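Descriptive structure summary
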Amino acid sequence: TVGVLCVNPTHQNKGIAQALVQKCENVAAEVWSEQFIFVDVEPKNENALSLFRKCGFHCLLDEMGGAQIRNATVSRRRVAESVPHFLLSKRLARTMSTEIIPDATA
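Keep in mind that what you see is a predicted model, and the values were worked out from it rather than measured.

Conventions and cut-offs
Residues numbered from 1 in each chain as written. Predicted model: local features only at pLDDT ≥ 70, side-chain atom pairs only at ≥ 80, totals over all residues. Heavy atoms only, no water. Salt bridge = Lys/Arg side-chain N within 4 Å of Asp/Glu carboxyl O. Helix = DSSP H or I, 4+ residues; strand = E, 2+ residues; numbered from the N terminus. Buried < 20%, exposed > 50% of the residue type's maximum accessible area, 1.4 Å probe, protein only. Core = buried A, V, L, I, M, F, W, Y, C linked by side-chain atoms within 4.5 Å. Contact = heavy atoms within 4.5 Å. Phe/Tyr/Trp six-rings, centres within 6.5 Å; stacked < 30°, edge-to-face > 60°.

1. Examining the pattern of salt bridges
Within the structure shown, the criterion is met by 4 salt bridges. Residue Glu25 pairs with Lys90 through a salt bridge whose shortest N-O separation is 3.0 Å. Residue Glu25 is found in helix H1 (residues 16–31), and its partner Lys90 is found in strand S4 (residues 79–91); the two are separated by 65 residues along the sequence. Residue Glu25 is classed as buried on the basis of its relative accessible area, which comes to 7%. The buried category is assigned to Lys90, whose relative accessible area is 18%.

Written out as C-alpha coordinates, the structure reads:
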(Lines give C-alpha, C1' and ligand atoms only; values in the text may rest on other atoms or scores of the structure.)
Protein backbone atom coordinates (compact mmCIF):
# COMPACT_ATOMS: atom_id res chain seq x y z
CA THR A 1 0.00 0.00 0.00
CA VAL A 2 1.30 3.43 -0.92
CA GLY A 3 1.53 5.59 2.19
CA VAL A 4 1.43 9.36 2.33
CA LEU A 5 2.52 11.04 -0.89
CA CYS A 6 3.08 14.81 -0.81
CA VAL A 7 4.58 17.31 -3.22
CA ASN A 8 5.19 20.91 -2.24
CA PRO A 9 2.59 23.11 -3.98
CA THR A 10 5.34 25.15 -5.66
CA HIS A 11 6.53 21.97 -7.41
CA GLN A 12 3.18 20.42 -8.32
CA ASN A 13 2.14 19.71 -11.93
CA LYS A 14 5.73 18.89 -12.90
CA GLY A 15 5.41 15.08 -12.92
CA ILE A 16 7.02 14.61 -9.50
CA ALA A 17 4.07 12.76 -7.96
CA GLN A 18 3.79 10.47 -10.98
CA ALA A 19 7.51 9.71 -10.69
CA LEU A 20 7.09 8.90 -6.98
CA VAL A 21 4.16 6.59 -7.73
CA GLN A 22 6.22 4.88 -10.46
CA LYS A 23 9.07 4.36 -8.00
CA CYS A 24 6.63 2.79 -5.50
CA GLU A 25 5.35 0.51 -8.25
CA ASN A 26 8.89 -0.51 -9.24
CA VAL A 27 9.85 -1.38 -5.67
CA ALA A 28 6.62 -3.32 -5.08
CA ALA A 29 7.05 -5.32 -8.31
CA GLU A 30 10.80 -5.83 -8.51
CA VAL A 31 11.89 -5.93 -4.88
CA TRP A 32 8.84 -7.38 -3.15
CA SER A 33 7.48 -9.39 -6.13
CA GLU A 34 3.97 -7.99 -5.60
CA GLN A 35 1.36 -8.36 -8.34
CA PHE A 36 -0.83 -5.47 -7.14
CA ILE A 37 -0.35 -2.12 -5.43
CA PHE A 38 -2.99 -0.32 -3.38
CA VAL A 39 -3.69 3.19 -2.15
CA ASP A 40 -6.31 4.72 0.16
CA VAL A 41 -7.64 8.11 -0.97
CA GLU A 42 -10.14 10.36 0.75
CA PRO A 43 -13.20 10.76 -1.51
CA LYS A 44 -12.96 14.57 -1.29
CA ASN A 45 -9.30 14.62 -2.41
CA GLU A 46 -9.99 15.10 -6.12
CA ASN A 47 -6.37 15.92 -6.97
CA ALA A 48 -5.13 12.62 -5.50
CA LEU A 49 -7.92 10.66 -7.18
CA SER A 50 -7.02 12.26 -10.51
CA LEU A 51 -3.31 11.50 -10.03
CA PHE A 52 -3.85 7.84 -9.23
CA ARG A 53 -6.32 7.40 -12.09
CA LYS A 54 -3.74 8.89 -14.48
CA CYS A 55 -1.28 6.35 -13.10
CA GLY A 56 -3.66 3.50 -13.93
CA PHE A 57 -5.31 2.86 -10.56
CA HIS A 58 -8.97 1.84 -10.34
CA CYS A 59 -11.45 1.88 -7.46
CA LEU A 60 -12.10 -1.54 -6.02
CA LEU A 61 -15.81 -2.33 -6.01
CA ASP A 62 -17.88 -3.69 -3.16
CA GLU A 63 -20.49 -6.45 -3.42
CA MET A 64 -23.11 -3.96 -4.62
CA GLY A 65 -20.88 -2.56 -7.40
CA GLY A 66 -20.10 0.71 -5.62
CA ALA A 67 -16.68 2.04 -4.73
CA GLN A 68 -15.16 0.09 -1.85
CA ILE A 69 -14.69 2.34 1.17
CA ARG A 70 -12.73 1.62 4.33
CA ASN A 71 -11.83 3.74 7.28
CA ALA A 72 -8.24 4.84 7.71
CA THR A 73 -6.70 6.70 10.61
CA VAL A 74 -5.31 10.10 9.66
CA SER A 75 -3.56 12.66 11.79
CA ARG A 76 -4.27 16.32 11.25
CA ARG A 77 -2.68 18.89 13.51
CA ARG A 78 -1.65 16.06 15.86
CA VAL A 79 -5.22 14.80 16.23
CA ALA A 80 -5.90 11.28 14.98
CA GLU A 81 -9.29 10.52 13.46
CA SER A 82 -10.88 7.73 11.45
CA VAL A 83 -11.86 8.93 7.96
CA PRO A 84 -13.48 6.99 5.08
CA HIS A 85 -11.23 6.35 2.07
CA PHE A 86 -11.69 4.85 -1.38
CA LEU A 87 -9.49 1.80 -1.93
CA LEU A 88 -7.75 1.94 -5.32
CA SER A 89 -5.59 -0.76 -6.88
CA LYS A 90 -3.38 -1.41 -9.88
CA ARG A 91 -2.03 -4.63 -11.34
CA LEU A 92 1.74 -4.37 -11.65
CA ALA A 93 3.63 -5.45 -14.73
CA ARG A 94 6.74 -7.44 -13.92
CA THR A 95 9.80 -6.17 -15.72
CA MET A 96 12.92 -8.20 -16.23
CA SER A 97 15.88 -6.57 -14.58
CA THR A 98 18.80 -5.86 -16.90
CA GLU A 99 21.24 -6.15 -13.99
CA ILE A 100 23.77 -8.94 -14.52
CA ILE A 101 24.19 -11.14 -11.46
CA PRO A 102 27.50 -12.99 -11.26
CA ASP A 103 27.35 -16.80 -11.15
CA ALA A 104 28.33 -17.86 -7.62
CA THR A 105 29.47 -21.29 -8.85
CA ALA A 106 32.10 -19.91 -11.23
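The structure having been displayed, the exposition proceeds.
2. Some remarks on the nonpolar core
Ranked by internal contacts, the top residues of the largest apolar core, which has 18 residues, are Val39, Val41, Phe52, Phe57 and Leu88. Of all the secondary-structure elements, those providing two or more residues to this core are H1, strand S1 (36–41), helix H2 (46–54) and S4. Residues within four places of Val39 in sequence aside, it is in contact with Thr1, Val2, Phe52, Phe57, Phe86, Leu87 and Leu88.

3. Concerning the packing of aromatic side chains
Counted according to the given criterion, the structure contains 2 aromatic pairs. Ring plane angle 80° and centroid distance 5.2 Å describe the contact between Phe52 and Phe57, whose orientation is recorded as edge-to-face. With respect to burial, Phe52 and Phe57 carry one shared label: buried.

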